[in-house]
Protein chains: 2
Amino acid sequence: MTAVAGPEPSEPIPGATVARLPLYLRGLVDRSEAGVGTVSSVELADLAGVNAANVRKDLSYLHAHGTRGVGYEVDHLITEISLVLGGDEPNPVIIVGVGNLGRALSSYDGFVAGGFPVAGLVDADPEVVGRRIAGKVVRPVDDLGALVTETGSTVGIVATPAHAAQEATNRLVAAGIRSILNFAPAVVVVPAPVDLRQVDLATELQILGYHQHRRTDADPVMSRVAG
Amino acid sequence: MTAVAGPEPSEPIPGATVARLPLYLRGLVDRSEAGVGTVSSVELADLAGVNAANVRKDLSYLHAHGTRGVGYEVDHLITEISLVLGGDEPNPVIIVGVGNLGRALSSYDGFVAGGFPVAGLVDADPEVVGRRIAGKVVRPVDDLGALVTETGSTVGIVATPAHAAQEATNRLVAAGIRSILNFAPAVVVVPAPVDLRQVDLATELQILGYHQHRRTDADPVMSRVAG
DNA sequence: AGACGCTTGTGCACTATTTCACATGACACG
DNA sequence: CGTGTCATGTGAAATAGTGCACAAGCGTCT
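A brief report on the enclosed structure follows. Here the structure is a predicted model, which means the values were calculated and not measured.

Near DNA strand D lie 24 residues; those nearest to it are A:S41, A:R56, A:G66, A:Y72 and B:K57. If you look at DNA strand D and keep only atoms within 4 Å of the protein, 64% of those are sugar or phosphate atoms. In this structure, B:R56 approaches DNA strand D through a side-chain N or O atom, which is 3.3 Å from a base nitrogen. A distance of 2.6 Å separates a base oxygen of DNA strand D from a polar atom in the side chain of B:K57. Among the elements that line the surface near DNA strand D, the one with the most residues is helix α3 (residues 52-61) of chain B, at four residues. Here the surface near DNA strand D is composed, by residue class, of six nonpolar, 11 polar and seven charged.

If you want it as structure tokens, here you go:
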């Protein structure tokens, strides 16, 4: 007797695969809007910029089967992937820190489109609290708990300066947030049951810097640019 | 010129390692400012949120040796890593697209701190061109070539809407940009010699969504929150 | 001078991920 | 209804990345 309870224990999907699913989803939505009914793994691979075999293996983890000789049904696959990526319902998020970045994120369309509407804004600066940004009033940090309850949010975004990131994170966790996306350039720690992802903008540039530096170093002839 | 054949072909550093170097660098700078002279791999691992053995192996790729029984010399290591990550000189960047996100990036302190000062802003919208943002005048897309020459930029940031991302990328490439950081929620392609990294904000949330959804699914009892 | 404690550097095993290669099955067409 | 074409699904090999465990080296203290 393996498992009695639940429709499936559904073995976890590899992290690398999960990270690609949103890309597939985006490509699929695009195709769906273009009226296309099916896509092959090759097309989808192009859309996402990965290898076709990889696409097929990824989709096999979802138990999202295609039709041999034809491909995958676009709309069905959209449903399937959406379901895996946090259910079909919108997942409201709360942003802590409405500096430059926080403000930009507050009105970032992609969040809504991706099923993560911004439900609340919070800032520690009394100067900022009360202002209206992207149609929402910024509330004090102490309101976090209430805000989480009101909005039913389970996802928080940290967009504070680096030195305030851990504190902001702690507050979010205390308020009952279950997943945190940290944009502050600082490593933060969270208790086990909370999920965390770091997005470090400057770091991305530095990574690019390595490759560029390396190339320049290795190959002095680099004045040629494809026409 | 320096490199005849180079002092070393210097075997490439694994991508996973390169991605961690900026984290180490940040931690090291922090410690340096705190007046600390040396760090152990364990401390550095804490600072970056990774395994200590991993730190040591990473640093070994840089040929950045530490002292047994003591640790790594902070300032020396900073120099070493900075050098690997695109040289010691600032690397000016140009931002294409000054919508919400572009504006936020224009004044993002982390870029300057990371050695990537914003040297120019460009937008396709005539309405926006000419405006002053973060102390810089937004210039038309057609000025890209000139701007690259003037500023000596080799790095470009795409912060346009998705539908304009490929076009923006093409323009950057044509202007002689060598590395591109794409924030638009779209897969873009670049010719071989150009380096590209994608940062997709909504995607990050969706990845978090998977884990959360999965957990909620697997464990219906989740009303308990640590007090 | 010698012994001790601390920390590096790295071989090795293990895990994760990618990619190939191909058998298998589905559809369309005559 | 048989045949050809196409694209999936997947075993297995190749590749990448992680983390353990320990020998070796450095500095300090007596």
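Okay, the sheet that holds strand β6 (residues 136-140) of chain B next. Residues and elements named next belong to chain B. If you walk across this open sheet you meet the seven strands as β5-β6-β4-β3-β7-β8-β9, and the pairing is mixed. The open sheet has two edge strands with one neighbour each: β5 (132-133) and β9 (195-198). Sheet topology note: the strand β7 (residues 155-158)/strand β8 (residues 179-182) ladder contains four bridges and is parallel. The residue of β8 that forms the bridge with I157 is L181. Against the sheet, helix α8 (residues 162-174) makes contact with β3 (93-96), β7 and β8, and its axis sits at roughly 165° relative to β7, the strand it touches most.

Pairing between side chains becomes possible if they bear opposite charge and their charged atoms approach one another. This model, assessed by the stated rule, comprises 16 salt bridges over all chains. Residues A:R139 and A:E150 are paired through a salt bridge, measuring 3.0 Å at the closest nitrogen-oxygen approach. Of the two residues, A:R139 is situated in strand β6 (residues 136-140) and A:E150 in helix α7 (residues 144-151); the sequence distance between them amounts to 11 residues. Residue class for A:E150 comes out exposed when judged on its relative accessible area of 52%. For B:R20, the salt bridge goes to B:D58, with nearest N and O atoms at 2.6 Å.

Let us look at the relation of the copies chain A and chain B. Least-squares fitting of chain A to chain B yields an RMSD of 0.1 Å, with the superposition described by an axial translation of 0.0 Å and a rotation of 180°. Here the symmetry operator amounts to a two-fold rotation axis. Residue A:A104 of chain A places its C-alpha closer to the rotation axis than any other residue of that unit, at 3.1 Å. The share of interface residues of chain A whose copies in chain B are also at the interface is 97%, consistent with both copies meeting through the same surface.

Another point: the sheet that holds strand β8 (residues 179-182) of chain A. All names here are of chain A. As summarised here, the arrangement of the seven strands in space is β5-β6-β4-β3-β7-β8-β9, forming an open sheet in which the pairing is mixed. Only two strands of the sheet have a single partner each, and these edge strands are β5 (132-133) and β9 (195-198). Sheet topology places β5 next to β6; two bridges connect them, and they run antiparallel. When the bridges of β6 are listed, I133 appears paired with K136. The sheet contacts of helix α8 (residues 162-174) involve β3 (93-96), β7 (155-158) and β8, and relative to β7 the element is tilted by about 165°.

As a further point, take the environment of B:A134. All names here are of chain B. With respect to the helices, strands and loops of the structure, A134 is situated in the loop between β5 and β6. Under the relative-accessibility criterion, A134 is labelled partly exposed at 43%. In the structure, A134 is positioned 42 residues away from P92 in sequence and 15 Å away in space, judged by C-alpha atoms. For A134, the contacting residues outside a window of four places in its chain are S106 and S107.

Basis of the calculations
- Throughout this document, residue positions are counted from 1 along each chain, in the order its sequence is written.
- Here chains are named by letter from A upward and ligands by number from 1 upward, in the order in which they appear as written.
- Totals for whole chains, interfaces and linings use all residues, but because this is a predicted model, local features are given only for residues with pLDDT of at least 70 and pairs of side-chain atoms are given and counted only at 80 or more.
- Working from all heavy atoms in the structure, the side-chain values ignore hydrogens and water.
- Here a residue is considered near a molecule or strand provided that any single heavy atom belonging to it is located within 4 Å of it.
- As used in this structure description, the phrase polar contact means that two N or O atoms lie within 3.5 Å; if the pair is within protein, one of them must be able to donate a hydrogen and the other to accept it, and residues adjacent in sequence are counted only when both atoms belong to side chains.
- The secondary structure listing takes helices from DSSP runs of H or I that are at least 4 residues long and strands from runs of E that are at least 2 residues long, numbered from the N terminus.
- Under this grouping Gly is polar, as are all residues other than the nonpolar Ala, Val, Leu, Ile, Met, Phe, Trp, Tyr, Cys and Pro and the charged Asp, Glu, Lys and Arg.
- DSSP-based pairing: two strands are paired if at least 2 bridges between them are found.
- Should any heavy atoms of two residues lie within 4.5 Å, those residues are counted as being in contact.
- What counts as an axis is a line fitted to C-alpha atoms, over the stretch in contact for a helix, and the angles between N-to-C directions run from 0 to 180 degrees.
- In the sections that follow, a salt bridge refers to a side-chain nitrogen of Lys or Arg positioned within 4 Å of a carboxyl oxygen of Asp or Glu.
- Buried residues are those whose accessible area, probed at 1.4 Å on protein chains only, stays under 20% of the maximum for their type, while exposed residues exceed 50% and partly exposed ones sit between those limits.
- In this comparison the copies share one frame, found by least squares on the C-alpha atoms of residues holding pLDDT of at least 70 in both.

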